[in-house]
Amino acid sequence: MPQVKIIAKNFMDMVASLPAIKLDKLYNNVFICEAILRSLPPLAKKYVLQMLYIDVPVPATMMEEWVLADGTSKHRVAIDRLIQLRIFSEISDRKRGTSYSLNPTFQNNLQKHIISGGVLPREPMNSDNAIKLPSLQELETYALKQWECFLLQLINSGQGEKLTGISSSMMKIFQRGLLSQRDKDGPRLTESGFQFLLMDTNAQLWYIIREYILNAEERDVDPADLISFLLELSFHVTGQAYNLNTLTEVQNNTLKDLADLGLVKLQQGRKDSWFIPTKLATNLSVSLADSSARKEGFVVMETNFRMYAYSTSKLQCEILRLFARIEYQLPNLIACAITKESLYNAFDNGITSDQIITFLQQNSHPRCADRVPSIPENVTDQIRLWETDLQRIEMTQAHFYDEFPSKDVFEAACDFAREWRGLLWEDSKRMRLVVKSEVHNQMREFLHTQSSRKRKKSSHLMSCYSISYHRFYPANTCAPQT
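Keep in mind that what you see is a predicted model, and the values were worked out from it rather than measured. (Residues numbered from 1 in each chain as written. Predicted model: local features only at pLDDT ≥ 70, side-chain atom pairs only at ≥ 80, totals over all residues. Heavy atoms only, no water.)

**Brief notes about the overall build of the chain**
Scanning the chain from N- to C-terminus turns up 22 helices and 16 strands. When each of the 482 residues of the chain is scored for burial, the buried share is 48%. Element-wise, carbon and sulfur atoms account for 50% of the exposed surface of the chain, whose accessible area totals about 26100 Å². (Helix = DSSP H or I, 4+ residues; strand = E, 2+ residues; numbered from the N terminus. Buried < 20%, exposed > 50% of the residue type's maximum accessible area, 1.4 Å probe, protein only. Areas by Shrake-Rupley, 256 points an atom, 1.4 Å probe, with all protein chains shown as cover.)

As structure tokens, then:
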């Protein structure tokens, strides 16, 4: 069974992947420089601040003296990160050796920021009777509700229901990797889509933001401008109102998309319209590792494969339904069980045993989380064993060849298939072999050449059949990954 992995990169990885021209353009914004400085490893921050007012390249040998003997690996990581982000320029000289200098644009903007002090990208609106701001608790509840509605619509699409209330920009992101649509059927969840639902909230958010940025050029939006605006959002104050009239058309359209995710809340007044950033927006510049603090779990797993989830969330109930059988639901309790049939259904949808176990461990109830292990070992072992049951047979599209005119032609065909790594099976006594469909065209041309040489001696023709070749593996082994 193919395994699809979704990698959720953090914001600074996205910045580092930009072309050099667009990356230099970003550093014209003071807030980008500060956001990137915040994201750097501690040792890299030290190097930037230490070289901030040095206008000449600093030799690498001198920088190595700034760290202790046991900090060599951290020093290398810091230097590599600074070079990736084009904050450092590496200068090589045969006589003087390697030296490093700061990016002049980054250096000048950071100097101005330190001397003049930080200024917000835009001032918040004056609160008066016309503007009723939600409390921080209400804003957090709103963000959570929006995110859950967003994921619920994604789950419902896998059940044949159409997505509603989702912008076309977000719909393209779904169709790129999370949803698929064939002919007249409605959108369906892909293997990546099912796996996406089991990821933690921060990883899900970063995946959506990453795909939203990669999809920017299709909307005639410069990815560098989009990253710049998203990083600016992280410097806004959570819960404060900001006038939409201060934004460009592209930024306004971006906010409408972010409102679907719960990153901002849009409000309309009699005269003005404004947006209110939530914590999800103000934490965008924080690295994924720092922002993924463990949330309080809700799942209690028993040794008899029964599971109790203390939750009132419809979303969590639907996520559990992906790999467990829901037996009954009370106002604050979901009773379910992990069965062989429910797991087979999950495996067929592309969810792996490791993802299910990780989800259960990350969402263990506080009373279970302190135990080692938090999930009973007999449950985790059985989940993995049921997955290997499905991996005992692997089906490969192949072609079957027989009735070779001679032993020499058969052996030459076997050698040719081995060279192309397409030989699946051979029977030297009866002169039969099976090769992968991927090399069928090459094999056909090769055999045609061989038959042309033998045509004068014999008019015998061999046969070829298209088949599905099955390989069987013992119960205690797994199918090798091809």
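From this point, things continue past the structure.
**Description of the sheet that holds strand 1 (residues 58-59)**
Across the sheet, which stays open at both edges, the three strands sit in the order 1-3-2 with antiparallel pairing between neighbours. Whereas interior strands pair on both sides, the edge strands pair on one side only; in this sheet they are strand 1 and strand 2 (88-93). Two strands pair when backbone bridges link them, and strand 1 and strand 3 (residues 97-102) are joined in this way by two bridges, in the antiparallel orientation. When the bridges of strand 3 are listed, Pro59 appears paired with Ser99. (Pairing = 2+ DSSP bridges.)

**Quick word on the confidence of the model for the chain**
Here the chain averages 82 in pLDDT, while 84% of its residues score no lower than 70. Across residues 1-8, confidence stays below pLDDT 50; counting only partners more than four residues off in sequence or on other chains, it has 22 contacts. (pLDDT = per-residue confidence, 0-100. Contact = heavy atoms within 4.5 Å.)

**As for the nonpolar core**
Counting 112 residues, the largest nonpolar core has Ile87, Phe88, Ile208, Met307, Phe323, Ile356 and Leu360 as the members making the most contacts within it. If one sorts the elements of this core by residue count, helix 11 (residues 201-214) sits on top with eight residues. Other than its neighbours up to four places away in sequence, Ile87 contacts Tyr27, Ile36, Leu40, Val48, Leu82, Ser101, Leu102, Asn103 and Phe106. (Core = buried A, V, L, I, M, F, W, Y, C linked by side-chain atoms within 4.5 Å.)

**Description of the packing of aromatic side chains**
All told, the structure shown has 12 aromatic pairs when counted by the stated rule. When the ring of Phe416 is compared with that of Trp420, the centres are 6.0 Å apart and the planes differ by 40°; the resulting orientation is tilted. Aromatic rings pair up to connect Phe416, Trp420 and Phe446 into one cluster. Directly above the ring of Tyr142 sits Lys265, whose terminal nitrogen or CZ lies 5.1 Å from the centroid. (Phe/Tyr/Trp six-rings, centres within 6.5 Å; stacked < 30°, edge-to-face > 60°. Lys NZ or Arg CZ within 6 Å of the ring centre and 35° of its normal.)

**A closer look at the sheet that holds strand 12 (residues 333-337)**
Two pairing modes exist for strands in a sheet, parallel and antiparallel, and in both the strands are linked by backbone hydrogen bonds. Strands sit in the order 9-10-12-11 across an open sheet of four strands; the sheet is antiparallel. Every other strand in the sheet has two partners, leaving strand 9 (299-301) and strand 11 (325-330) as the edge strands with one partner each. Going from strand to strand, the sheet's axes swing by 20° on average, the running direction of each strand aside. Looking at chain direction, strand 9 and strand 10 (residues 306-309) are connected through three bridges and run antiparallel. The residue bridging Val300 from the neighbouring strand is Tyr308, located in strand 10. (Axes fitted to C-alpha atoms, helices over the stretch in contact; angles between N-to-C directions.)

**As for helix 4 (residues 42-50)**
If you check which residues of helix 4 are buried, you get Leu43, Ala44, Tyr47 and Val48. For helix 4, the angular spread of the buried residues around the axis is 140°, confining them to a single face. Buried residues along helix 4 sit in contact with helix 3 (30-39), helix 5 (60-64), helix 6 (72-84), strand 2, strand 3 and helix 7 (104-116). (Arc of directions from axis to C-beta.)

**Focus: unusual backbone geometry**
Geometrically, the link from Val372 to Pro373 is a cis peptide bond, its omega value of 0° lying close to zero. Assignment of secondary structure puts Pro373 in the loop between helix 19 (366-369) and helix 20 (377-390). At Phe305, a position not held by glycine, the phi torsion is positive, near 70°. Locating Phe305 in the fold gives a position in the loop between strand 9 and strand 10. With relative accessibility at 18%, the residue Phe305 sits in the buried group. Look at Arg421: it is not a glycine, yet its phi comes out positive at around 55°. Here Arg421 is to be found in the loop between helix 21 (407-419) and strand 14 (423-427).

**Things to note about the pattern of salt bridges**
Here the structure, examined in full by the defined rule, presents 15 salt bridges. Arg76 is the salt-bridge partner of Asp80, the closest N and O atoms lying 3.1 Å from each other. Linking Asp80 with Arg76, this pair stays in helix 6, spanning four residues, or about one helical turn. A relative accessible area of 35% places Asp80 in the partly exposed class. With a shortest N-O distance of 3.5 Å, Arg384 and Asp354 are connected by a salt bridge. Of this pair, Arg384 sits in helix 20 while Asp354 sits in helix 18 (residues 353-362), and the two are 30 residues apart along the sequence. (Salt bridge = Lys/Arg side-chain N within 4 Å of Asp/Glu carboxyl O.)

**Focus on the side chain of Ser101**
Position of Ser101 among the secondary structure elements: in strand 3. Each residue touching Ser101, except ones within four places of it in the same chain, is listed here: Met51, Pro57, Ile87, Phe88, Ser89 and Ile91.

**Things to note about the side chain of Ser342**
Structurally, Ser342 is set in helix 17 (residues 340-348). Judged by relative accessible area, Ser342 falls into the buried class, the value being 12%. Polar contacts involving the side chain of Ser342 include one to the main-chain carbonyl oxygen of Phe323, which spans 3.1 Å. Those residues in contact with Ser342 that lie beyond four places of it in its chain are Leu322, Phe323, Ala324, Arg325 and Ala337. (Polar contact = N/O pair within 3.5 Å; in protein donor to acceptor, adjacent residues only side chain to side chain.)

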